[in-house]
Amino acid sequence: MGYKLNFSVIWKNLPLLLKGAWLTVEVSTGAILVAILVGIVMGVAKTSRHQFLRFPAAWYVEAFRNTPLLIQIFLIYFGLPQIGLKLSPFMSGFAALVLYTGAYNTEVVRAGLEAIPKGQIEAARSLGFTEIQTIRYVIVPQAFRISLPALSNNFIALLKNSSLVSVIGMVELTFIGNDLTAWTFRAFEVYGAVTVLYLALVFSLSWILAIIERRIRLLI
Amino acid sequence: MHWDIVTKNLWYLLWGTKSTLQIAGGVLIMGTILGFFLGLLRLSNNPLIGYPTRGVMEVTRGTPLIMQMFFIFFGLPALGLELPKYPAAVLAMTLFAGGNAAEIVRGAIQSLPKGQTEAAKSLGMNYSQTMTFVILPQAVRRMIPPMMGLFTTLIKDTSLAAIIGVFELTRATQETIERTFASFELYLTAAFIYFVICYPLSLLTQQAEKSLHAA
């Protein structure tokens, strides 16, 4: 093999790679925030007394957790236009990430809500708390604290999963890595650098989440 | 909607499913073996062994699987290691599974009370005796539910091998769509097939978790 490693291609294209990393950060942050909302809404629905709320939430969770994210991305991007719903690569990728992670978040929120002993709610109600006050002061602070570590895992998974949206042409770190490889034929160096960037992103996110977890434990 | 396309090509999709299950199953076995090695090395008291093992685990667990596949399939030929797509995908997935299995092994062993190791040591057992007769029999029980979860993950993640061209369910679906253009029907069918495999597995995993906590 006459291939000589040449890392100058990385230095020359570092701004481009960093831009890709930043796009991954933006997409992941946006998807994390929306997926939290989905998790809360569906998690509350899944613990509801009403069957017409509980059933759809349960099926949503099972459907999205038991199929590959890649198939969901393809189904949304290539399949939905056939029934008249055409989404851009960005919207398709974003929607798939949110729905997939939202399903995992739902389970975490449900577990967090169910971990609170019924007696606490009864005690709050007998102290004269309204239903809203019970939720605000008794349920949410505890459920949030219980859920946070598992939610953190889901967020880190989302950050890594965001690499998959490159296959439908959404521009982020993996997409830029593929592009750069196609121009320069330096697959080893480029994919090596992209891997290092992902590692840095994942470490930074776990570090930030650990700080948030510690703060919240002190706060509540 | 052209559901007749699905019925006509169902055998092809099921052929791909067989390949998916073979890859996921093979990777689970090799990944578990690798995971035991890494997990035990990770717990070594020797920092020269513990830290590098930890590094390997962080890289396999902290980067996207698709990146590992690209690196092995497109990147390694630069070092003279040219792997065909099938072994490349299996190698990447095995490393990925190994890193995750190692974390499961480590977690299960560390969740056991320290007194168990101390008791075994004070009975005069050496390291391998302690592991074989005291620690692992208890730890393996705790590893089973998360390992089942890992198997579900691997079945789903086998779809990524399609991106580098490996034939399995997702690739079979894509090939059928290239011929028939029925992307909605076929991707939905593929999702359904994955669901039919993964949903019972998830239920079994939950069951295993429950019986573990009950014991």
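Residues numbered from 1 in each chain as written. Chains lettered and ligands numbered in written order. Predicted model: local features only at pLDDT ≥ 70, side-chain atom pairs only at ≥ 80, totals over all residues.

Caption draft 1: Structural context of the overall build of chain A. Within chain A one finds 9 helices and 0 strands. Seen through its principal axes, chain A has C-alpha atoms that stretch 80 × 45 × 25 Å. Taking all 220 residues of chain A together, 39% fall into the buried category. For chain A, the proportion of contacts with a sequence separation of at least 24, taken over those separated by at least 6, is 75%. (Helix = DSSP H or I, 4+ residues; strand = E, 2+ residues; numbered from the N terminus. Buried ≥ 20, exposed ≤ 12 C-beta atoms within 10 Å, placed from the backbone. Contact = placed C-beta atoms within 7 Å.)

Caption draft 2: How the structure looks around the overall build of chain B. Helix and strand counts for chain B come out as 8 helices and 0 strands. Tracing chain B from N to C terminus, the helices and strands come up as α-α-α-α-α-α-α-α. Over its C-alpha atoms, taken along the principal directions, chain B stretches across nearly 70 × 50 × 20 Å. Taken across its 215 residues, chain B has 43% of its residues classed as buried. Of the contacts made within chain B by residues no fewer than 6 positions apart, 77% connect residues no fewer than 24 positions apart.

Caption draft 3: Just the packing of helix H1 (residues 3-42) of chain B against helix H2 (residues 47-62) of chain B, in detail. Residues and elements named next belong to chain B. Between H1 and H2, the least distance of the axes is 8 Å, while the angle of their chain directions is 135°. In terms of orientation, H1 and H2 fall into the oblique class. The element H1 and its partner H2 pack so that their crossing is left-handed. Along its contact with H1, which presents Leu38, Leu41 and Arg42, the element H2 presents Ile49, Gly50, Thr53, Arg54, Val56 and Met57. The residue inventory of the contact of H1 with H2, partitioned by class, reads 5 nonpolar, 2 polar and 2 charged. (Axes fitted to C-alpha atoms, helices over the stretch in contact; angles between N-to-C directions. Parallel < 35°, antiparallel > 145°, perpendicular 65-115°, else oblique. Left-handed = near helix turned anticlockwise from the far one by under 90°. Nonpolar A, V, L, I, M, F, W, Y, C, P; charged D, E, K, R; others polar.)

Caption draft 4: Examining the interface of chain B and chain A more closely. Taken together, the contacts link 29 residues of chain B with 34 residues of chain A. Looking at the side of chain B that touches chain A, the elements with two or more residues in it are H2, helix H3 (65-75) and helix H8 (183-214) of chain B. Per-element tally for the side of chain B that touches chain A: the top contributor is H8(B), with 11 residues. Class assignment for the residues of the side of chain B that touches chain A results in 20 nonpolar, 8 polar and 1 charged.

Caption draft 5: Seen up close, the environment of Ala63(A). Residue and element names in this part refer to chain A. Checked against the element boundaries, alanine 63 lands in helix H3 (residues 51-65). According to the C-beta neighbour criterion, alanine 63 is partly exposed, with 16 such atoms within 10 Å. Residues alanine 63 and arginine 214 lie 151 residues apart in sequence; the distance between their C-alpha atoms is 34 Å.

Caption draft 6: Structural context of H1(B). Relative to the 58 Å expected for 40 residues at 1.5 Å per residue, H1(B) spans just 51 Å between its end C-alpha atoms, considerably shorter than the ideal helical length. The sharpest bend along H1(B) reaches about 55° and sits at Asn9(B). (Expected span 1.5 Å × (residues − 1). Bend = angle between axes of the 7 residues up to and from the residue.)

Caption draft 7: A look at the nonpolar core. Ranked by internal contacts, the top residues of the largest apolar core, which has 107 residues, are Ile73(A), Tyr191(A), Met69(B), Ala92(B), Leu154(B) and Ala190(B). Per element, the largest residue contribution to this core is 14 residues, and it comes from helix H4 (residues 85-110) of chain B. Ignoring anything within four residues of it in the chain, the contact list for Ala190(B) reads Ile71(A), Leu13(B), Leu169(B), Thr170(B) and Thr173(B). (Core = buried A, V, L, I, M, F, W, Y, C linked by C-beta atoms within 7 Å.)

Caption draft 8: Spotlight on the environment of Lys46(A). All names here are of chain A. Secondary-structure assignment places lysine 46 in helix H2 (residues 14-46). For the pair lysine 46 and isoleucine 168, spaced 122 residues apart in sequence, the C-alpha separation works out to 32 Å. Other than its neighbours up to four places away in sequence, lysine 46 contacts Arg54, Ala57, Ala58, Thr106 and Arg110.

Caption draft 9: Unusual backbone geometry, seen in detail. In this structure, Phe185(A) takes a positive phi of about 60° despite not being glycine. Not every positive phi belongs to a glycine, and Phe181(B) is a case in point at roughly 65°. Inspection of the secondary structure puts Phe181(B) in the loop between helix H7 (169-180) and H8.

Caption draft 10: Seen up close, the packing of H3(B) against H4(B). Residue and element names in this part refer to chain B. Look at H3 against H4: their axes get within 9 Å of each other, and the N-to-C directions meet at 135°. With respect to their mutual orientation, H3 and H4 come out oblique. H3 and H4 meet at a crossing whose hand is right-handed. From H3, Leu65, Gln68, Met69, Ile72 and Phe73 reach across to H4, where they touch Lys85, Ala88, Ala89, Leu91, Ala92, Leu95 and Phe96. Partitioned by chemical class, the residues of the contact of H3 with H4 number 10 nonpolar, 1 polar and 1 charged.

Read these as geometric descriptors, not functional statements.
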